[in-house]
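Structural overview
As a plain string of letters, each chain reads:
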Amino acid sequence: MSSNTPRIKKPKKTCDICKSGKPVIKRPKTGQLVCKECFYFVFEEEIHQTIIQGNVFKENEKVAIGASGGKDSTVLAYVMNLLNKRHNYKLDLVLLSIDEGITGYRDDSLETVKRNARQYNLPLKIVSYKELYGWSMDEIVKEAGNKNNCTFCGVLRRQALDRGAVMLGAKHILTGHNADDIAETVLMNILRGDIPRLQRCTFITTGNDSMIKRSKPFKYTYEKEIVMYAHFKKLDYFSTECIYAPNAFRGNARVFLKDLEKVRSTAIMDIIYSGESYENQSNNNIPTSKVCERCGYMSSNKICKACVLLEGLNKGLPSLGIKKSKKARANPKVIKEGESKEIKVKNFQDLTKEENCKMEYVVEKSEKNNEMDIDENKKLMDSVNNMKRKLQNLD
Amino acid sequence: MGKNITLSFGGGMEILFNNTKEREIELPDSVVNIKDLIAYMKDELLQERPELFVLNDSVRPGIIVLINNADWEIEGGLEYELEDDDEITFISTLHGG
Ligand SMILES: [Zn+2]
Ligand SMILES: [Zn+2]
């Protein structure tokens, strides 16, 4: 403990990939110690491999990146923009954000997304619950109390993303779900006995037969690596917890998963693999062909969950969709004629691309831009080839 | 004489520590390794909700620790012996997607 005991110098560790750099991360997937340069390379190129093997994109496809300003979607936007240029996917990328209307939370995170749009020079579209449904999340919680709002917010957000994508003319949405999230979802589906979703939640792309499909390029990417990547690259992301009650069930699954990982380091990949390998014998698939009678959105019931919730809110009877708080029950809202702020939710099947879609950020396209892209692509490809050569010479 | 180290916080961890992103502290002699440091931070520096920071004598799972900007798992984790001028970073992975 005292300063006169000489410290025994530990032998310097070197990167397990290039054998020369100073390691900065122990990779959770492989246990390798990796230097910064090699970490960037394997992190980005593994995502590229996941995309190629999953056959995720078509050339010239317009793809909306669901952007919340949080770590996962910020890294997703950055990496997709990079890979699109480096590997010439020829994708028309656009950021799509949902404004749930949560003061002090979403308004701040949307500022992050607006900065990201400028930093990565990607167009940005924001759609709000208020404009789509007539209700902001703050108003919903005020009316309906604090219970279950994570679930309902999720129902509304899913639809809002699809509606935003249609407005943009995109048929494909990317989300930032990572390997940890997917393993959690597999566990939750097992605990709930939700067999159809058990396997489906591990698919890289879902909704191939619906109007808008969704993909998860981070399917095999660990949360730890996403956070480390954002940290080392100094990416600008927003990290504050939503002010409304979080989903306690997911929280429990997460803690359980972290405990499992301590005794079995491969737990996350193993659980995803279990979900992938599970074959649903009864072929009891989630019916996707049915649509909600009211709003035209995909639904397994006659009226979708969002419409049930909105009907309750509009009639001042939120218990139709959610449990009303004691306070709200004690002071039932009386809606007078003409006072209702009810708006007719547009039928999803009738939605079309908006020619003059209102954007938060627009990218000017010019001939010069094109030349710059080609230059940039060459530079990016060169760096990959250099890295590959460097690594091949090692063996 | 105690060692001087820098603590930095990210990913929402700063909320638990007076909303500071970075601070320098002088450690008492009793703080030798990271395990001691975590206990010290919990007792002396934490503003609120210790359960969001510690669990069973370590950081709560989901918090990444960096020692001089490298993964603490490379440097020996809880057993790493602190040196003068070390920078220790705590980043939460738990907030927001
Ligand atoms: Zn290396
Ligand atoms: Zn509906």
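Each remark here, short or long, concerns the structure printed above.
Since we're looking at a predicted model, the values are computed, not measured. (Residues numbered from 1 in each chain as written. Chains lettered and ligands numbered in written order. Predicted model: local features only at pLDDT ≥ 70, side-chain atom pairs only at ≥ 80, totals over all residues. Heavy atoms only, no water.)

Points about the packing of aromatic side chains
Residues and elements named next belong to chain A. Summed over the entire model, instances satisfying the criterion amount to 17 aromatic pairs over all chains. Judged by centre distance (5.9 Å) and plane angle (40°), the rings of Phe57 and Tyr89 are tilted. Separated by 32 residues along the polypeptide, Phe57 in the loop between helix H1 (36-53) and strand E3 (62-66) and Tyr89 in the loop between helix H2 (71-86) and strand E4 (92-99) bring together distant segments of the chain. Grouping residues by exposure puts Phe57 and Tyr89 together as buried. A centroid spacing of 5.6 Å and a plane angle of 65° characterise the contact between Tyr129 and Tyr133, whose relative ring orientation is edge-to-face. Here the residue Tyr129 and the residue Tyr133 both occupy positions in helix H4 (residues 129-133), the gap between them amounting to 4 residues, near one helical turn. Comparing Tyr129 with Tyr133, the two get one shared label, buried. Each member of the aromatic cluster is reached from another via a ring pair, and the members are Phe39, Tyr40, Phe43, Tyr78, Tyr120, Phe218, Tyr229 and Phe232. (Phe/Tyr/Trp six-rings, centres within 6.5 Å; stacked < 30°, edge-to-face > 60°. Helix = DSSP H or I, 4+ residues; strand = E, 2+ residues; numbered from the N terminus. Buried < 20%, exposed > 50% of the residue type's maximum accessible area, 1.4 Å probe, protein only.)

Observations regarding the interface of chain A and chain B
The partner chain B presents 28 residues to the 28 residues of chain A that form the contact. Summed over both partners, the interface of chain A with chain B buries about 2,200 Å², with 54% contributed by carbon and sulfur atoms. The interface formed by chain A and chain B contains 3 salt bridges. Counting across the chain A and chain B interface gives 8 residue pairs in polar contact (both at pLDDT 80 or more). At the level of secondary structure, the elements contributing two or more residues to the side of chain A that touches chain B comprise strand E1 (23-26), H2, helix H9 (223-232) and helix H10 (248-263) of chain A. (Contact = heavy atoms within 4.5 Å. Buried area = accessible area lost by both parts, 1.4 Å probe. Salt bridge = Lys/Arg side-chain N within 4 Å of Asp/Glu carboxyl O. Polar contact = N/O pair within 3.5 Å; in protein donor to acceptor, adjacent residues only side chain to side chain.)

Let's talk about the packing of helix H6 (residues 149-168) of chain A against helix H12 (residues 305-314) of chain A
Residue and element names in this part refer to chain A. It is the contact of H6 with H12, at a shortest axis distance of 9 Å, that shows an interaxial angle of 120°. The hand of the H6/H12 crossing is left-handed. Mapping the contact onto sequence places Phe152, Val155, Leu156 and Gln159 in H6 and Lys305, Ala306 and Leu309 in H12. (Axes fitted to C-alpha atoms, helices over the stretch in contact; angles between N-to-C directions. Left-handed = near helix turned anticlockwise from the far one by under 90°.)

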